[in-house]
Amino acid sequence: HLEELIKKHHAQFKWINFLSNPESHEHHPQKLTNFLLEKLVLENKSETENIFFYLCGPVSFMRMAQFTLKWMGFDENHIRKENFTVDFIPPPPLISDASPKQIVIHYNKKIYQLEASYPTTILQAALDKNIQLPYSCRSGRCATCVAKCTKGKITMSNNEVLTDKDLQEGLVLTCVGYAETDLELEW
């Protein structure tokens, strides 16, 4: 897929391999460090407002890259990340009203209605009713479960992927989202 993107968007897309343990001797081992990342960005950037960064890898690698890019002045809305591993599942936040909440879900051209009570996440409440919503990490780190909240209030126990702009637009992570009021969600 990456090779197809290079062919189709060669003026906008550049792929550079860094192999810490190359299988062949034609490549020498190299790891992407903050110094090397800064150098590569400066050498390859044209207009900073049109540059987007997609980070995927171990937590320490992504933290290094994210700090470096922010230090260089790139807006957090231009930096996205996906985790390889989940170190812990965040505990539910404290919510004063644990009464059942009505949730309306718009997904795959269908409308579902269900109830969720604290401390059950929105995702878990849907899965308990055999509503197969998208998810992966269950810890607020990958954004696979993202939905738009069009009505109501949700509290999330963790968010490592949605930006302030995403939150202002009503995007929420259902895997770590708890209904504080009745809700309506769209995918």
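Residues numbered from 1 in each chain as written. Predicted model: local features only at pLDDT ≥ 70, side-chain atom pairs only at ≥ 80, totals over all residues. Heavy atoms only, no water.

Student: Quick one: what's the story with the overall build of the protein, residue by residue and with numbers?
Tutor: Along its length, the protein carries five helices and nine strands. The secondary structure elements of the protein, listed N-terminal to C-terminal, are α-α-β-α-β-β-β-α-β-β-α-β-β-β. C-alpha extents for the protein along the principal axes are approximately 60 × 30 × 30 Å. When burial is assessed residue by residue, the protein has 33% of its 187 residues classed as buried. For the protein, long-range pairs separated by at least 24 residues make up 57% of all intrachain contacts whose partners lie at least 6 apart in sequence. Surface exposure of the protein reaches about 12,400 Å², of which carbon and sulfur atoms provide 50%. Computed over 20 positive and 23 negative side-chain charges, the inter-centroid distance for the protein is 1 Å. (Helix = DSSP H or I, 4+ residues; strand = E, 2+ residues; numbered from the N terminus. Buried < 20%, exposed > 50% of the residue type's maximum accessible area, 1.4 Å probe, protein only. Contact = heavy atoms within 4.5 Å. Areas by Shrake-Rupley, 256 points an atom, 1.4 Å probe, with all protein chains shown as cover. Lys, Arg positive; Asp, Glu negative; His and termini not counted. Charge placed at Lys NZ, Arg CZ, Asp CG, Glu CD.)

Student: Describe the pattern of salt bridges, listing the residues and the values that go with them.
Tutor: All chains considered together, the criterion is met by five salt bridges. Here glutamate 160 ties to lysine 81 by a salt bridge, and the two come within 4.0 Å at their closest N and O atoms. With glutamate 160 in the loop between strand S6 (154-156) and helix H5 (164-168) and lysine 81 in strand S2 (residues 79-83), this pair connects stretches of sequence that are 79 residues apart. With a shortest N-O distance of 3.2 Å, arginine 141 and glutamate 160 are connected by a salt bridge. Of the two residues, arginine 141 is situated in the loop between helix H4 (122-128) and strand S5 (146-151) and glutamate 160 in the loop between S6 and H5; the sequence distance between them amounts to 19 residues. On the accessibility criterion, arginine 141 (5% relative accessible area) is buried. A single network of salt bridges, built from pairs that share partners, joins Lys81, Arg141 and Glu160. (Salt bridge = Lys/Arg side-chain N within 4 Å of Asp/Glu carboxyl O.)

Student: Please give an account of the pairing of S5 that cites residues and values.
Tutor: Here S5 runs beside strand S7 (residues 171-173); their pairing, made up of three bridges, is antiparallel. Bridge assignment links alanine 147 to a residue of S7, and that residue is valine 172. Of the pairings in the sheet, the one linking S5 to strand S9 (residues 183-186) comprises three bridges and is antiparallel in character. Across the sheet, residue lysine 151 finds its bridge partner in S9, namely glutamate 184. (Pairing = 2+ DSSP bridges.)

Student: Describe the packing of aromatic side chains, and please don't skip the residues or the numbers.
Tutor: Applying the stated criterion to the full structure yields three aromatic pairs. Pairing phenylalanine 53 with phenylalanine 74 gives two aromatic rings, centres 4.9 Å apart and planes at 70°, and the pair type is edge-to-face. In this pair, phenylalanine 53 sits in strand S1 (residues 53-57) while phenylalanine 74 sits in the loop between helix H3 (59-71) and S2, placing the two residues 21 residues apart along the sequence. Taking the relative accessible area as the measure of exposure, phenylalanine 53 reaches 12% and is therefore buried. With a relative accessible area of 8%, phenylalanine 74 lands in the buried category. (Phe/Tyr/Trp six-rings, centres within 6.5 Å; stacked < 30°, edge-to-face > 60°.)

Student: Lay out the layout of surface pockets in plain terms, naming residues and giving numbers.
Tutor: Its volume calculated, the largest pocket comes out at about 1,500 Å³. Lining the largest pocket are 34 residues, with Lys14, Trp15, Phe52, Phe53 and Tyr54 positioned closest to its centre. Put simply, the parts of the chain that give the lining of the largest pocket at least two residues each are helix H1 (2-8), helix H2 (34-44), S1 and H3. Per-class residue counts for the lining of the largest pocket are 21 nonpolar, nine polar and four charged. (1 Å grid on protein atoms, 1.4 Å probe; cavity = no way out; pocket = protein on both sides within 12 Å on 5 of 7 lines; lining within 4 Å. Points joined across faces, edges and corners; volume = space filled by probe spheres on them. Nonpolar A, V, L, I, M, F, W, Y, C, P; charged D, E, K, R; others polar.)

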